[in-house]
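Summary of structural features
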Amino acid sequence: MTFRLLILLTIYLSMASSLSANSIIPKPQSSMEKIGEFEITKRTTISTDTSLSRNGIEYLQKHLYGVSGYRLGSSKKSPAISYHLERQKVKRAEGYILDISQSHITIEARDSAGFFYATVSLMQLMDSSIWSIRKNARKRWSVGCHRIVDYPRYRWRGMLLDSSRNFFSVSYVKKFIDRMAQHKLNRFHWHLSDDEGWRIEIKRYPLLTKVGATRGDGTKLPYSTYPAIRGKKSGRYSGYYRQKEIRDIVAYAKARSIEILPEIDIPAHSKAAVVSYPDLLLDPKDKSKFKSIQGVSNNTINPAMESSYKFIDGIISELSTLFPFGYIHIGGDEVPRGAWSKSPAVKRLMKKRKLKNNRAVEDYLFTRVDGILKKHHRKLLGWQEIVDGNPKLRRDSTIMAWKSSKASHKIIKKGYRAILSPVQYLYFDQRYSKAKGEYGHTWSTPISLKKVYSYRPQYGKQIEGIQANLWSETLLSEKIADYLAWPRTLALSELAWSDPKSRRWSEFNKRVKSHGLSRLKMQGISYRGAK
Ligand code: TNX
């Protein structure tokens, strides 16, 4: 081959490869591959002109130190990696421009999230061992030259972890958050109370954790509230987070551009609260007997007791000191039929307020709770059942649509904002397939990785974004949690971040197999298919 031909071939190949995808998940909005490589070594220097880049830089340094044993020094004169505040060129919140050439890496963004995500993208272009949890021999990291211009499709890119049905340790919660951040997810929805356990220390109401955080022999909560667990039928089970631990986790998430949305599920799904404070939360004269869809008896806070509202106010007040995020999730799902039907207090309330039926009583409750949230400068988030009736909520309330991919229509019509989390695509507690031995719930349809990826979420002004939910009734171990969450979370991240027009299942699947999974493996994640 002549020299000229060789050059032509090289140019052609580099053009062709610029069209192909790189290793980044979620896929960037635009990415161009260039010729050459940049090499990060011990001597590479770093500089910045903004404190907004702190989280990004620290994240890179932490990994380099953990794996290669060095941190990069800073240099103002001839830095090799420079972080630069750029509000003109980078127009979108959380967006960034990452330009890698043979002599320089330039990162431009307008906010802390943008700098963080640029850094994560840079690290995904490095050898996957940068994600390793162990030190290894690698000291030099070559990064292919690229120019990437990127920003998210949705503002809300969430995941729910249910710490009530089965408890997860602080260290697992941190891992969960870190892995979300690596894939540019930014909202951690933390389900902290349910029938099976109250999981957060509340100073005003110590019995919530003294009584309500333990179930089983000798406690007030049954060990095996179906389908809370699949394992043993008896024993004792407890766990909760102390406020100190909560503060630590909030800071950990913040350093990774993740806001934490705490959820206290009311008025139903509240057995643990009700057995802890029956005098406050129940009408002593109520003779109603009812069961939740999960088979838990009388699990609902009474909406006619003033003490219920005082309790809710106290909880929300403490939550707002712990969680800086502007929203609190109040549940609102699955109020069992027959709840309060024989409560004299509810009957009196109905008469006094001219409430026609049970649904109107619920509306009254949600309206009051929204008022309490307002007092504490928090916006309301709740499950779709809240707007099955007509509570008077503030316009900026946000509702999660979970029963189907069309459930958002009603929410939008009523003028609220919606987050899409349809059980048919984004309930990661459901099994992957019908094959024998699969973990997970079976009550909805199986959800394969491909099925997640095939979801076409609605887009529009009132759509905040999307979220996957990892309910934990069947999550008997962290391994099972990992298995159900991964690799499906990779698909979630792409639905939440990337342009749907650029999504191709076969290309995504290839990228997952050749890059995505090896990054998970390096961290010891027990994803489905891991050996
Ligand atoms: C429905 S989604 C629930 C949860 C369960 C989940 C199990 C929602 C608002 N309620 O309480 O854990 O199904 O898949």
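Treat the numbers as computed from the prediction; the structure is a model and nothing was measured.

Focus: the domain arrangement of the protein
Parsing the protein into structural domains produces domain 1 (8-150) and domain 2 (156-342 + 423-504). Taking only C-alpha atoms, the centre of domain 1 and the centre of domain 2 are 35 Å apart. Listed per partner, the contact involves 19 residues of domain 1 and 19 residues of domain 2. The contact between domain 1 and domain 2 buries some 1,600 Å² in all, and 49% of this surface belongs to carbon and sulfur atoms. Of all residues in domain 1, Pro26, Lys27 and Tyr117 bury the most surface against domain 2, accounting for 35% of the area lost on that side. For the interface between domain 1 and domain 2, the tally reads one salt bridge. Here glutamate 94 ties to arginine 157 by a salt bridge, and the two come within 2.6 Å at their closest N and O atoms. Elements with a contribution of two residues or more to the side of domain 1 that touches domain 2: α2 (54-68) and α3 (112-124). Ranked by residues supplied to the side of domain 1 that touches domain 2, first place goes to α3 with seven residues. Per-class residue counts for the side of domain 1 that touches domain 2 are ten nonpolar, five polar and four charged.

Quick word on the side chain of threonine 209
Among the structural elements, threonine 209 can be located in helix α5 (residues 207-210). A relative accessible area of 10% means that threonine 209 is categorised as buried. Those residues in contact with threonine 209 that sit more than four places away from it in its chain are Trp198, Ile200, Glu201 and Tyr240.

Focus on the side chain of serine 288
In this structure, serine 288 sits in the loop between α8 (278-281) and α9 (306-322). Its relative accessible area of 3% is what places serine 288 among the buried residues. At a separation of 3.3 Å, a polar atom in the side chain of serine 288 contacts the main-chain amide nitrogen of serine 341. Dropping the residues within four chain positions of it, serine 288 is found in contact with Asn298, Gly338, Trp340, Ser341, Lys342 and Ser343.

Section: the pattern of salt bridges
Tallied over the entire structure, the rule returns 29 salt bridges. Put simply, glutamate 464 and arginine 155 hold a salt bridge, and the shortest N to O gap is 2.8 Å. Of the two residues, glutamate 464 sits in strand β19 (residues 463-470) while arginine 155 sits in the loop between β7 (141-150) and β8 (156-162), which places them 309 residues apart along the sequence. Here arginine 155 falls in the partly exposed class, since its relative accessible area comes to 46%. Of the charged contacts in the structure, one is a salt bridge between glutamate 507 and arginine 511, with a shortest N-O distance of 2.6 Å. In this pair, glutamate 507 and arginine 511 both sit in helix α17 (residues 505-522), four residues apart, roughly one turn of the helix. Both residues of the pair, glutamate 507 and arginine 511, belong to the buried class. Residues joined by salt bridges that share partners form a network here, namely Asp162, Arg165, Asp194, Glu196 and Glu473.

Rules of the game
- Residues numbered from 1 in each chain as written.
- Predicted model: local features only at pLDDT ≥ 70, side-chain atom pairs only at ≥ 80, totals over all residues.
- Heavy atoms only, no water.
- Domains from an automatic or database assignment.
- Contact = heavy atoms within 4.5 Å.
- Buried area = accessible area lost by both parts, 1.4 Å probe.
- Salt bridge = Lys/Arg side-chain N within 4 Å of Asp/Glu carboxyl O.
- Helix = DSSP H or I, 4+ residues; strand = E, 2+ residues; numbered from the N terminus.
- Nonpolar A, V, L, I, M, F, W, Y, C, P; charged D, E, K, R; others polar.
- Buried < 20%, exposed > 50% of the residue type's maximum accessible area, 1.4 Å probe, protein only.
- Polar contact = N/O pair within 3.5 Å; in protein donor to acceptor, adjacent residues only side chain to side chain.

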